[in-house]
Amino acid sequence: MLSNTYNLVIDNKYKKQKISRHIQSSDSLLISNIYKKSNKPTLLIASDAYNANRIIDELDFFGSTNVKIALYPDTEVLPYEKVTPQRELIAERLRTLWQISQKQVDILVVQANTLQTRICPLPYLHGRVLLLQIGEKLSISELRS
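Residues numbered from 1 in each chain as written. Predicted model: local features only at pLDDT ≥ 70, side-chain atom pairs only at ≥ 80, totals over all residues. Heavy atoms only, no water.

### Concerning the nonpolar core
Judged by nonpolar contacts, Ile31, Tyr35, Leu44, Ala46, Ala52, Ile55, Ile56, Leu59, Val67, Ile107 and Val109 together constitute the single largest core of 11 residues. Going through the elements one at a time, helix H1 (26–38), strand S3 (42–46), helix H2 (49–62) and strand S5 (107–111) are the ones with two or more residues in this core. Broken down by element, this core gets its largest block of residues, 4 residues, from H2. Those residues within four positions of Val67 in sequence are excluded, and the remaining contacts are Tyr35, Asp106 and Ile107. Core analysis: the next-biggest nonpolar cluster, separate from the first, contains 7 residues, Ala70, Val105, Leu108 and Leu125 among them. (Core = buried A, V, L, I, M, F, W, Y, C linked by side-chain atoms within 4.5 Å. Buried < 20%, exposed > 50% of the residue type's maximum accessible area, 1.4 Å probe, protein only. Helix = DSSP H or I, 4+ residues; strand = E, 2+ residues; numbered from the N terminus. Contact = heavy atoms within 4.5 Å.)

### Concerning the pattern of salt bridges
Applying the stated rule across the entire model yields 3 salt bridges. With its nearest N and O atoms 2.9 Å apart, the salt bridge here joins Arg54 to Asp27. Here the residue Arg54 occupies a position in helix H2, and Asp27 occupies one in helix H1, the gap between them amounting to 27 residues. Here Arg54 falls in the buried class, since its relative accessible area comes to 9%. Judged by its relative accessible area of 6%, Asp27 falls in the buried class. With a closest N to O distance of 2.4 Å, Arg95 and Glu92 form a salt bridge. Here Arg95 and its partner Glu92 are both found in helix H3 (residues 87–101), 3 residues apart, which amounts to about one turn of the helix. Through salt bridges that share partners, Asp27, Arg54 and Glu58 make up one connected network. (Salt bridge = Lys/Arg side-chain N within 4 Å of Asp/Glu carboxyl O.)

### Digging into the pairing of strand S4 (residues 69–72)
Here S4 shows a buried face lined by Ala70 and Tyr72 and an unburied face lined by Ile69 and Leu71. The parallel pair S4 and S5, bridged by H3, forms a crossover whose chirality is right-handed. (Right-handed = clockwise from strand over helix to strand, strands pointing away.)

What is shown is where atoms sit, not what they do.
Shown next, in the form of structure tokens:
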């Protein structure tokens with residue numbers, strides 16, 4: 001890429017910053033430095049799946065080990081297709097939504113086209129979560145309900 005424009009929101013102030021002729025992974029370094037200075041939850045919108053995965057790998061490299069980075073994956077299903085997404089993909093999306101609701105994510109990476117899909121309301125998500133711990137005993141009737 002020869003030039004990119006980044007729209008930054010830092011401390012509720014919208015800033016538009018143009019970075020010209022950057023080398024690969026310099027955008028991830030910039031994002032890492034911005035997060036380290038602000039220390040606030042950050043949403044990063046990637047153009048496609050390749051860039052989303054690349055940025056996550058690079059943020060892991062540039063960031064410290066205590067920064068929690070998550071990917072909210074795309075369903076990989078076109079809107080007009082009569083196909084349901086894979087179960088593993090749905091489980092990953094639900095896990096990520098749960099982590100966000102519990103404030104366990106520092107940087108969330110989302111593909112641009114994923115932002116067009118609707119997600120379930122928070123009460124719906126909380127009403128359908130079953131948290132289990134090792135050694136915990138459940139009654140069959142509780143599990144069925």
